[in-house]
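One-letter residues, chain by chain:
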Amino acid sequence: MPDSDLQGRGEEGEKQVTGAKVIAQALKEQDVLYMFGVVGIPVTEIAMAAQELGIRYIGMRNEQAACYAASAVGYLTGRPLLVIGGSSERNQETMGAFQEFPQVEACRLYSKFSARPSSIEAIPIIIEKAVRSSIYGRPGACYIDIPADFVTQLVNAEAVKYKACCLPPPISMADTSAVCQAVSVIRSARQPLLIIGKGAAYARAEENIRKLVEQCKLPFLPTPMGKGVVPDNHPNCVAAARSRALQFADVIVLFGARLNWILHFGLPPRYQPDVKFIQVDICAEELGNNVKPAVTLLGDINAVTRQLLEQLNKTMWQYPPDSTWWGTLREKMTSNEAASKELASQKSVPMNYYTVFYNVQEQLPKDCFVVSEGANTMDIGRTVLHNCLPRHRLDAGTFGTMGVGLGFAIAAALVAKDRSPGQRVICVEGDSAFGFSGMEVETICRYNLPIVILVVNNNGIYQGFNEDTWKEMLKFRDATVGAPPMCLLPNSHYEQVMTAFGGKGYFVQTPEELQKSLKQALADTTKPSLINIMIEPQSARKAQDFHWLTRSNM
């Protein structure tokens, strides 16, 4: 839309501007670089005004995927996640207007800040506060509601006062006495363990945490989104002995990791009853959740880690590399890695998960982004596919939500293109997970993002059936009563979704086909690819020491 359509002249010649233009300019002032959405009445004009100012607008196929993409950009860049929604015109409120809904009130439960500007002139103030609220403290989403009549309404341009970009988040540090106490507890540990969480990655704490690991010779375990803060291939990484490390550690330091379901709430039998937790977190409300910690260190994770290093440096200390604890962990790592490699070496076709992921790992660039979602696909993949750089692993995270994959991949590809040209994005999807946001393949092709999508296809949710079994089950019964709820259509050709929009698709069934297709896909930086990898429908994880959160009779 030309600029003249978004602003005009008043009766006395004053320059006038639309609400859409004000919103776009206010976002620009706050250093917003990317906008994701599905536009329609009344917000189309906002997106067009943003494009005129150089904000990059990426049109998605689903609002949910747009939000996932925006959240991933916020994580990767440290900039805000704002949700801007259009609502009914003010003079139609309570009348049953088009899509009338109490959006501000509804979003208040799920966001750090939720508001509707009282006037167009107030928009810059609201947007600045939303950005500040989003990035200060523990980062989170904020919602801004825009009445439909604001978008095209004209106001005197001189009456709109834009707010300067908010200052970077303040750096808070832990209480000195708490730091001294934490160091004392660490020094006294017989079986210490560091757990590196997403919060450490968000805080850009990788340099200081790596110093701590290497200087003190401590074992560490990354959470899924904490992978790469210290490289997965670091000799002190004990991810291959995760259950053993958690179960027998006597002192555990949590760097931006929450004791939620991912870490089994910090409770027995996954942990020792008397284990001492040291929590390092920017969010006060998270301290002491589920388990009473021995020490709490409230503050910016990077700054607090530096405090710990400074205190430890006063009297140099290292955990003995030849300790019994290190011996126990290394023994378990060796046996678990051997079990995984034995599964990966199996030559039977269809392949199992481990065969697929070991073949993929051999070709992955060390600086690539790995995006993943699915059940076994994500869980097994994160144990085999390594991350060497921080903030290069994006997956379903705390909520375990399916549908995040392609939105995350789009975000990573855009950030990589702008900040690290040449870095590849590998999106590893289960076949069920791919179905949640599969139409975003069109978005990927429309913007020509060279993402490589791997669909690990077992014909089902958790597990499926091969084509012969499927036909036998349905020989005399309708699929609505004869097909188990976890089943998907066998041998679905998901690669044709990619070719339908101009990308490159591959259908592979053997390790050799996988190696060849992945090599070609990685070599081609001009277009996106999708490799549909058929695996054994009943393939599963190797035996685990503990059941997952719930048991099932499936």
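Details of the structure are given in the entry above.
Predicted model only: the values in this text are computed from it and were never measured.

For the rest of this paragraph, the subject is the environment of G85. Secondary-structure assignment places G85 in strand β5 (residues 81–87). Spatially, the C-alpha atom of G85 lies 17 Å from that of G140, the residues being 55 residues apart in sequence. Each residue touching G85, except ones within four places of it in the same chain, is listed here: V43, Y143, I144, D145 and I146.

With that settled, the discussion passes to the sheet that holds strand β21 (residues 529–534). Spatially, the six strands line up as an open sheet ordered β15-β14-β16-β17-β21-β20, and their pairing is parallel. For this open sheet the edge positions go to β15 (393–395) and β20 (504–508), each flanked by a neighbour on one side alone. Within the sheet, the average angular offset between the axes of one strand and its neighbour, ignoring direction, is 15°. Sheet strands touched by helix α14 (residues 353–363): β16 (425–430), β17 (451–457) and β21. Its angle to β17, the strand with the most contacts, is close to 165°. The strands touched by helix α22 (residues 511–523) are β16, β17, β20 and β21; relative to β20, the strand with the most contacts, the crossing angle is about 165°.

Most of strand β11 (residues 251–255) is tucked away: five of the five residues are buried. Neither face of β11 is left uncovered, since the one carrying V251, V253 and F255 and the one carrying I252 and L254 both have all their residues buried. Where β11 lies against strand β12 (residues 276–281), five bridges are found, and the strand directions are parallel. Its bridge partner lying in β12, V253 is registered against I278.

To describe two helices that pack against each other, one gives the angle between their axes and the distance between the axes. The contact between helix α13 (residues 324–344) and α14 brings their axes to 7 Å, and the two run at 95°. If you check the angle between α13 and α14, you find them roughly perpendicular. Here α13 contributes E337, S340, K341, L343 and A344 to the contact with α14, which in turn contributes Y354, T355 and Y358. Its residues assigned to classes, the contact of α13 with α14 shows four nonpolar, two polar and two charged.

Okay, helix α2 (residues 19–29) next. For α2, the tally of buried residues reaches eight of 11 residues, placing the bulk of the element in the interior. If you check which residues of α2 are buried, you get G19, A20, K21, V22, I23, A24, A26 and L27. In the stretch just after α2, D31 is the one whose phi turns positive, near 65°.

We now examine the sheet that holds strand β10 (residues 220–222). Pairing in this open sheet of five strands is parallel, and the strands run β10-β9-β11-β12-β13 from one edge to the other. Lying at the two open borders of the sheet, with one neighbouring strand each, are β10 and β13 (295–298). Across the sheet, the mean angle from the axis of one strand to that of its neighbour is 15°, orientation sign disregarded. Pairing analysis gives three bridges linking strand β9 (residues 192–196) to β10, with the strands arranged parallel. Following the sheet pairing, I196 is matched in β10 by P222. Relative to β9, helix α10 (residues 206–216) is tilted by about 165°, and along the sheet it contacts β9, β10 and β11.

In total, this model carries 18 salt bridges according to the counting rule given. Two residues, E442 and R61, come together in a salt bridge whose shortest N-O distance is 3.1 Å. Taken together, the positions of E442 in helix α18 (residues 440–446) and R61 in the loop between β4 (56–59) and α4 (63–77) put the pair 381 residues apart, joining distant regions of the chain. For E442, a relative accessible area of 15% puts it in the buried group. On the basis of relative accessibility, which here comes to 42%, the residue R61 falls in the partly exposed class. Of the charged contacts, one joins R138 and E286 as a salt bridge, the two residues approaching to 3.1 Å between their closest N and O atoms. Placement of R138 in the loop between α6 (123–135) and β7 (141–147) and of E286 in the loop between β12 and β13 is noted, with a sequence separation of 148 residues between them. For R138, a relative accessible area of 35% gives the class partly exposed. You can call E286 buried: its relative accessible area is 9%. Connected via shared salt-bridge partners are D379, R382, R393 and D395.

Bringing the state of the cysteines into the picture now. The full count for this structure, using the stated rule, is zero disulfides. No disulfide involves C427; its sulfur sits 12 Å from the nearest other cysteine sulfur, which is in C368. Looking at C427, the relative accessible area reads 0%, which means it is buried.

Okay, the packing of aromatic side chains next. The full count for this structure, using the stated rule, is five aromatic pairs. Judged by centre distance (6.2 Å) and plane angle (80°), the ring pair of Y68 and F408 falls under edge-to-face. In this pair, Y68 sits in helix α4 while F408 sits in helix α16 (residues 405–419), placing the two residues 340 residues apart along the sequence. Considering the side-chain rings of F434 and Y494, the 5.6 Å spacing of their centres and the 70° angle between planes classify their relative orientation as edge-to-face. One end of the pair, F434, is in helix α17 (residues 431–436); the other, Y494, is in the loop between α20 (479–482) and α21 (495–500), with 60 residues separating them in the sequence. Taken as a pair, F434 and Y494 share a single burial class, namely buried.

Cut-off values and rules
- Residues numbered from 1 in each chain as written.
- Predicted model: local features only at pLDDT ≥ 70, side-chain atom pairs only at ≥ 80, totals over all residues.
- Heavy atoms only, no water.
- Helix = DSSP H or I, 4+ residues; strand = E, 2+ residues; numbered from the N terminus.
- Contact = heavy atoms within 4.5 Å.
- Pairing = 2+ DSSP bridges.
- Axes fitted to C-alpha atoms, helices over the stretch in contact; angles between N-to-C directions.
- Buried < 20%, exposed > 50% of the residue type's maximum accessible area, 1.4 Å probe, protein only.
- Parallel < 35°, antiparallel > 145°, perpendicular 65-115°, else oblique.
- Nonpolar A, V, L, I, M, F, W, Y, C, P; charged D, E, K, R; others polar.
- Salt bridge = Lys/Arg side-chain N within 4 Å of Asp/Glu carboxyl O.
- Disulfide = S-S within 2.5 Å.
- Phe/Tyr/Trp six-rings, centres within 6.5 Å; stacked < 30°, edge-to-face > 60°.

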